[in-house]
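# Descriptive structure summary
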Amino acid sequence: MPEAAEVFPRAWIEFPDPDDAEQLIRADLTWLTSRFNCIYGRGCRSIDPEVPYGGCCTHGAHFADGDDEQRVARWVAQLTAAEWQREPGGKVRKRDWAETDPEGDRKTRTVAGACIFLNDPSFSRGAGCALHLLAERVGQSHVATKPDVCWQLPIRREFEWRERNDGSKTLVVTITEYTRDAWGAGGHDFHWYCSSDTSAHTAQEPLYLTSRAELVALVGESAYAQIAHHCRTFEEARAALRLTPAAHALATHPADPPE
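One structure accompanies this document, and this report is about it. (Residues numbered from 1 in each chain as written. Predicted model: local features only at pLDDT ≥ 70, side-chain atom pairs only at ≥ 80, totals over all residues. Heavy atoms only, no water.)

### A look at the nonpolar core
Ranked by size, the top nonpolar core spans 30 residues in total, and within it Leu32, Val219 and Ile227 carry the most contacts. Within the residue set of this core, elements represented by two or more residues are β2 (20-28), α1 (29-32), β10 (169-177), α6 (207-210), α7 (212-219) and α8 (221-241). The dominant element in this core, judged by the number of residues it contributes, is α8, at six residues. With residues near it in sequence (within four places) discarded, Ile227 still touches Phe15, Ile25, Ala27, Leu32 and Val219. Counting 16 residues, the second-largest nonpolar core is a separate cluster that includes Trp97, Phe117, Ala130 and Leu131. (Core = buried A, V, L, I, M, F, W, Y, C linked by side-chain atoms within 4.5 Å. Buried < 20%, exposed > 50% of the residue type's maximum accessible area, 1.4 Å probe, protein only. Helix = DSSP H or I, 4+ residues; strand = E, 2+ residues; numbered from the N terminus. Contact = heavy atoms within 4.5 Å.)

Structural data, given as structure tokens:
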């Protein structure tokens, strides 16, 4: 099946952050109630055909900031050869796995066409992320061990300052889908992309439940509880109106299976 169009009607909810009255949460209900799930190793066709096992890891991971890099460094120090195919042996130095790109941004190194932490199919434990295997060993969520961009995708968090009539400003935190377009011009060169493909919309539960850990990390427990409430209400309304002329107003993701 071809990828669904990126531009389509979406339903949104906006509410004050329960933990910060000066901040607003804006959430994409259409995306959060979709049946998207990561299908790495279960049909993912990779963004680069030259590395078919590479998923979205072929460019390496850019760190959100210095804190992100330092957090990952603490976990890298705990990796073993049983989890990391390209573990250099001996004392691991940061230059063994991190680098500065031509634009001056910090990122994970790439080796053999993919992130240095991506094990290939010849590895004893198969293809996949070494930091993900580490999370399983230590009983942590992958949200703890992986760079921010890795565990967030394809959820997107954006920040925007909105000016009020009195001249003050409110920070709006938007939670939505990381579409091809969100990657910039290069996104449309990807061989394949998951969030708009029907093959990745196969979960039994909606995204706001399956990605609870990621959403809590992005907006906090209190805001997540509000998002979950609004998502449930949206699903109930959509179910009630499914066969009525008003159903179009409660937008579903076009890659989701038909109801």
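### Some thoughts on the packing of α7 against α8
Between α7 and α8, the shortest axis-to-axis distance is 7 Å and the interhelical angle comes to 125°. Put simply, α7 runs oblique to α8. When you trace α7 past α8, the crossing you get is right-handed. In this structure, α7 contributes Arg212, Leu215, Val216 and Val219 to the contact, and α8 contributes Glu221, Ala223, Tyr224 and Ile227. Per-class residue counts for the contact of α7 with α8 are six nonpolar, no polar and two charged. (Axes fitted to C-alpha atoms, helices over the stretch in contact; angles between N-to-C directions. Parallel < 35°, antiparallel > 145°, perpendicular 65-115°, else oblique. Left-handed = near helix turned anticlockwise from the far one by under 90°. Nonpolar A, V, L, I, M, F, W, Y, C, P; charged D, E, K, R; others polar.)

### As for unusual backbone geometry
Pro154 follows Leu153 through a cis peptide bond whose omega is 0°. The phi torsion at Ala112 lies on the positive side, around 55°, for a residue other than glycine. Inspection of the secondary structure assignment puts Ala112 in the loop between β5 (110-111) and β6 (114-115).

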